[in-house]
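Here is what each chain is made of, one letter per residue.
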Amino acid sequence: MINILEQRKKQIYKKGEKHFDMKCETTSLAGSVSQRACVFCGSRVVLYPIADALHLVHGPIGCAVYTWDIRGALSSGPELHRNSFSTDLNEIDVIYGGEKKLLSTLIELIERYQPKAAFVYATCIAGLIGDDVSSICKKVAGLTRIPVIPVQSEGFKGTKKDGYAAACHALFSLIGTSGNEQKVPFSINILGDFNLAGETWIIKEYYARIGINVVATMTGDGRIDDIRGANRAELNVVQCSGSMTTLAKLMQEKFQIPFIKVSYFGIEDMSEALYSVVRHFDNREIMEKTTKLVSSEIERIMPTIADYRRKLSGKNAAVYVGGAFKAFSLIKSLRHLGMNVVVAGSQTGNNDDYTLLKDLSDEGTIIVDDTNPLELSKFIQEKKVDILIGGVKERPIAYKLGLGFCDHNHERKIALAGYEGMLNFAKEVYSTIMSPVWQFRVSREGTEDI
Amino acid sequence: MLLRHTTKEVKEREALVVNPAKTCQPIGAMYAALGIHKCLPHSHGSQGCCSYHRSTLTRHYKEPVMAATSSFTEGSAVFGGQSNLVEAINNIFTVYKPDIIAVHTTCLSETIGDDVPQIVEKARIDGKIPEGKYVINASTPSYVGSHVTGFANMVKGMVNCLAENTGTKLDQINIIPGWTEPSDMREIKCLAHKMGVKIVMFPDTSDVLDAPQTGRHVFYPKGGVSIEQLKSTGNSVATIALGPVASAPAAEVLNAKCKVPCEILDLPIGIRATDRFIEKLAGIAGKIVPDAITEERGRLIDIITDMQQYFYGKKVALFGDPDQLISLAEFLKDLDMKPVHIVTGTPGKKFETSIKEILKEGVPEVNVRAAGDMYLLHQWIKNEPVDLLIGNTYGKYIARDEDIPFIRFGFPILDRIGHSYFPSVGYKGGMHLVEKILGAILDRKDRDSAEESFELVL
């Protein structure tokens with residue numbers, strides 16, 4: 001048996017147990033093999049897809065390297081975001097400060113690449129040695145006449161969520177600076193979709209088909225000028241609420257733009273996303289187009305989904321994702337495929353998330369916050385899981401245990417959003433669970449005791 | 001074109017890295033520590049560092065990578081990370097039960113000045129380290145050196161913390177394999193075995209990061225050098241350090257600490273470097289090189305003989321880690337190819353001198369740079385185009401934009417699978433490399449040939 005630390009016991013809940021009091025939003029215990037990342041990571045993943053901006057990481061080399069083009073956030077035009085720029089702070093800079101280096105680096109880069117804006121990420125060291133990143137940014141903005149935005153994302157100053165918030169504040173500083181305040185009719189901003197595998201394009205196409213105008217996408221396939229004019233939209237549509245709700249609230253306050261939370265994963269959630277936008281505008285023509293779109297898309301994919309459902313019925317899935325919202329959609333999607341979610345967890349869910357997750361789950365489902373590989377393996381074994389849905393660090397664990405895996409995180413290469421995405425998802429789940437390789441599995445005994 | 005901004009004109013840059021050819025120390029320390037049996041690497045810093053290193057190592061090796069973190073908060077940054085580390089040590093031994101924890105620092109804990117040996121001592125006094133268990137450490141500030149430096153420092157840490165000279169010489173030779181693939185470490189062990197030489201290799205990630213699929217998630221796979229073996233390195237006859245940057249520092253410390261003489265060799269990549277390694281190993285151990293190895297060498301020479309007509313004068317650009325590049329440059333020269341541009345991100349002027357020395361006959365005009373980046377390499381290629389590019393995954397942007405055949409070699413490889421299963425060291429590794437090189441060159445010839453000159457037999 002593995003030991004679960006006393007302090008962690010409240011971060012694990014089995015549906016059916018009487019007392020539900022999930023402890024979450026805590027920092028990880030020192031010494032844990034956590035699957036979580038840091039503040040910088042949170043900021044970087046949110047802002048990175050803005051393709052015509054310069055992204056400069058101010059710190060030693062590592063932070064820039066580990067976030068260099070890893071997310072597969074596609075761009076239909078410029079690709080400046082896919083390069084890696086670092087001030088590569090060394091020992092001398094740590095002693096004497098990196099401000100001079102930052103200043104000359106920024107000026108040189110802006111001159112060479114002519115970006116529409118620059119984001120400067122302060123890492124642990126920048127914060128610690130006391131570099132005044134904000135004032136350097138201000139100075140460079142004055143010299144170069146483009147927005148130069150400091151992102152206070154020192155790794156130790158909180159969790160990944162604080163990084164999301166820092167990114168939201170950075171974006172917010174741009175919004176409303178285009179000089180144009182006129183509203184675009186029937187318009188929205190897409191928040192919290194990052195165009196992984198071209199997902200923003202799929203969603204945008206749906207909106208175009210029903211007559212909704214998209215002003216800015218934040219940040220998938222994002223452009224600085226669009227973001228500056230995002231105040232012209234009538235509604236903010238927020239996916240990935242963990243990362244982008246902060247921005248939606250700021251915009252509501254300053255520009256009186258209301259927001260709704262949606263998910264584009266799975267049949268119900270995708271349809272509900274479109275309908276909730278339409279309900280906001282209360283327009284008959286748009287409603288008709290939407291009804292038509294939804295029914296034609298569902299009609300198109302259902303026969304194939306039903307076919308997969310016959311084959312996958314009764315299989316068990318474990319879901320461990322970054323933000324809890326994704327887990328909701330996954331549970332619903334997997335139910336469409338006749339599957340049961342027997343383990344569900346997230347790195348950064350909050351209490352409301354977990355309450356919802358509990359209500360959505362079947363009896364006996366294990367719900368877990370900020371888990372580690374040891375626990376995860378144990379639950380997978382206990383619940384006879386056939387597929388794990390997670391991110392990069394979970395993949396090899398699933399494979400070692402001899403079960404299928406689907407990346408629903410940064411490294412998905414096949415679009416999983418929208419109706420098309422549901423088809424892709426079904427195909428991916430089916431192909432990995434049914435892979436002939438599992439026939440050669442020697443045994444299936446789960447985690448070894450340590 | 002993704003790198004459309006790269007200019008042909010090369011201008012010296014002082015304070016700016018564009019598309020790095022290195023990463024930071026801690027990831028190297030983590031990789032080295034994974035080569036100790038039942039060891040849990042521990043990152044003393046923010047949570048993100050540990051997560052990034054695990055993700056990158058996972059992407060390259062396609063294996064579960066376990067490591068713990070001190071999970072620094074703002075409080076720890078202000079008051080020091082002592083309580084985090086002591087608590088971490090306690091939690092790790094309680095939950096994950098390793099035999100040994102290998103603590104490496106980060107830019108954060110280095111800058112706030114945490115004294116890790118002293119904190120570990122405190123943990124020991126407080127009874128947080130169970131009987132028979134170990135905590136070793138290495139100082140790996142991210143703002144000095146590169147990932148290779150971090151690897152070297154953790155290997156040095158193994159010697160510092162564990163090696164003992166008990167006064168009884170053991171009939172064994174230490175081999176430090178450098179930051180090579182698990183397959184390379186396996187091949188080095190295999191060569192020593194064929195020669196009948198008893199070795200202790202450290203670190204050893206074979207059977208850790210190339211573990212078989214068994215339907216079990218083994219938290220500590222069966223591979224890795226044992227703590228007993230590490231202790232015994234102080235009683236060995238000699239140490240062979242493969243790679244001056246990654247392996248020499250530990251070998252030198254072992255010599256100073258336990259009086260174990262050391263030989264610093266290049267990584268055994270290519271004919272000459274492998275010859276030197278085999279001769280040295282045989283010499284120290286007093287063994288004769290067995291026919292099996294001589295014949296393996298013969299097969300490599302035979303393959304190269306068959307291939308030489310295609311290699312002559314082909315220009316190559318290389319980038320990656322210094323120890324690998326030095327041996328590879330020598331090998332390419334022996335294949336009659338011309339390595340014209342060579343970049344490592346790892347700082348150290350000695351690298352440039354070594355490369356120039358190796359290529360002074362053959363490619364005296366070589367462009368070589370330590371502490372360089374991929375942007376510079378791209379500019380050089382624009383000025384003098386090449387027939388082949390060899391390096392890690394990050395070369396794919398240049399290869400695509402300039403339409404150059406590209407061989408993935410080094411760390412990290414994020415977009416292919418299988419590289420960690422085939423060696424590039426030894427004669428066998430040489431065969432594997434030349435097969436890849438010729439394949440890349442002839443695939444290109446087939447692709448580019450007009451139909452009338454597209455031939456079945458090449």
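What you are looking at is a predicted structure, and each value in this text was computed from that prediction instead of being measured.

Reading the values: the criteria
- Residues numbered from 1 in each chain as written.
- Chains lettered and ligands numbered in written order.
- Predicted model: local features only at pLDDT ≥ 70, side-chain atom pairs only at ≥ 80, totals over all residues.
- Contact = placed C-beta atoms within 7 Å.
- Nonpolar A, V, L, I, M, F, W, Y, C, P; charged D, E, K, R; others polar.
- Pairing = 2+ DSSP bridges.
- Helix = DSSP H or I, 4+ residues; strand = E, 2+ residues; numbered from the N terminus.
- Domains from an automatic or database assignment.
- Axes fitted to C-alpha atoms, helices over the stretch in contact; angles between N-to-C directions.
- Buried ≥ 20, exposed ≤ 12 C-beta atoms within 10 Å, placed from the backbone.
- Right-handed = clockwise from strand over helix to strand, strands pointing away.
- Core = buried A, V, L, I, M, F, W, Y, C linked by C-beta atoms within 7 Å.
- Parallel < 35°, antiparallel > 145°, perpendicular 65-115°, else oblique.

Draft legend 1. Molecular detail of the interface of chain A and chain B. Every contact between the two is made by 67 residues of chain A and, on the other side, 60 residues of chain B. Its residues assigned to classes, the side of chain A that touches chain B shows 32 nonpolar, 20 polar and 15 charged. Relative to strand β1 (residues 17-18) of chain B, strand β3 (residues 85-86) of chain A runs antiparallel, the two being bridged by two bridges. Directly across from F85 of chain A, in β1 of chain B, lies its bridge partner V18 of chain B.

Draft legend 2. Spotlight on the domain arrangement of chain A. Residues and elements named next belong to chain A. Here chain A is partitioned into domain 1 (39-172), domain 2 (187-291) and domain 3 (302-440). Across the boundary between the two partners, domain 2 contributes 18 residues, which contact 22 residues of domain 3. Of all the secondary-structure elements, those providing two or more residues to the side of domain 2 that touches domain 3 are α8 (199-210), α10 (241-255) and α11 (267-281). Its residues assigned to classes, the side of domain 2 that touches domain 3 comprises 10 nonpolar, five polar and three charged.

Draft legend 3. Seen up close, the sheet that holds β1 of chain B. Read across the open sheet, the five strands follow the order β5(A)-β4(A)-β2(A)-β3(A)-β1(B); overall the sheet is mixed. Every interior strand has two partners, whereas the edge strands, β5 (148-152) of chain A together with β1 of chain B, have only one. Examined bridge by bridge, strand β4 (residues 117-122) of chain A and β5 of chain A share five bridges and lie parallel to one another. Within β5 of chain A, the residue paired with A118 of chain A across the bridge is V148 of chain A. This element, helix α4 (residues 99-113) of chain A, spans β2 (53-58), β3, β4 and β5 of chain A of the sheet and lies at about 160° to β2 of chain A. Running over the sheet, helix α7 (residues 160-172) of chain A touches β4 and β5 of chain A and is turned about 160° from β5 of chain A.

Draft legend 4. Representation of the pairing of strand β11 (residues 315-320) of chain B. Residue and element names in this part refer to chain B. Burial runs high along β11: five of the six residues are buried. Traced from β11 through helix α13 (residues 322-334) to strand β12 (residues 338-344), the parallel crossover comes out right-handed. Note: β11 against strand β14 (residues 388-391), three bridges, orientation parallel. Looking at the pairing, V316 lines up with L388 of β14.

Draft legend 5. How the structure looks around the environment of I92 of chain A. Residue and element names in this part refer to chain A. Summarising the element assignment, I92 is placed in helix α3 (residues 91-96). The class for I92 is exposed, based on 11 C-beta atoms found within 10 Å. On a C-alpha basis, the gap between I92 and D369 in space is 41 Å, while along the polypeptide they are 277 residues apart.

Draft legend 6. Examining the nonpolar core more closely. In this structure, A118, V120 and V319 of chain A are the most contacted members of the largest nonpolar core, which totals 290 residues. Looking at which element gives the most residues to this core, the answer is helix α7 (residues 147-162) of chain B, with eight residues. What V319 of chain A contacts, discounting residues up to four positions off in sequence, is A327, L330, V341, V343, A344 and I389 of chain A.

Draft legend 7. Expanded view of the packing of α13 of chain B against helix α14 (residues 349-358) of chain B. Residue and element names in this part refer to chain B. Where α13 contacts α14, the two axes come as close as 10 Å, and the packing angle between them is 10°. Accordingly, the angle class assigned to the pair α13 and α14 is roughly parallel. Contacts between α13 and α14 involve P322, I326, A329, E330 and K333 from the first element and F351, S354, I355 and I358 from the second. Broken down by class, the residue content of the contact of α13 with α14 amounts to six nonpolar, one polar and two charged.

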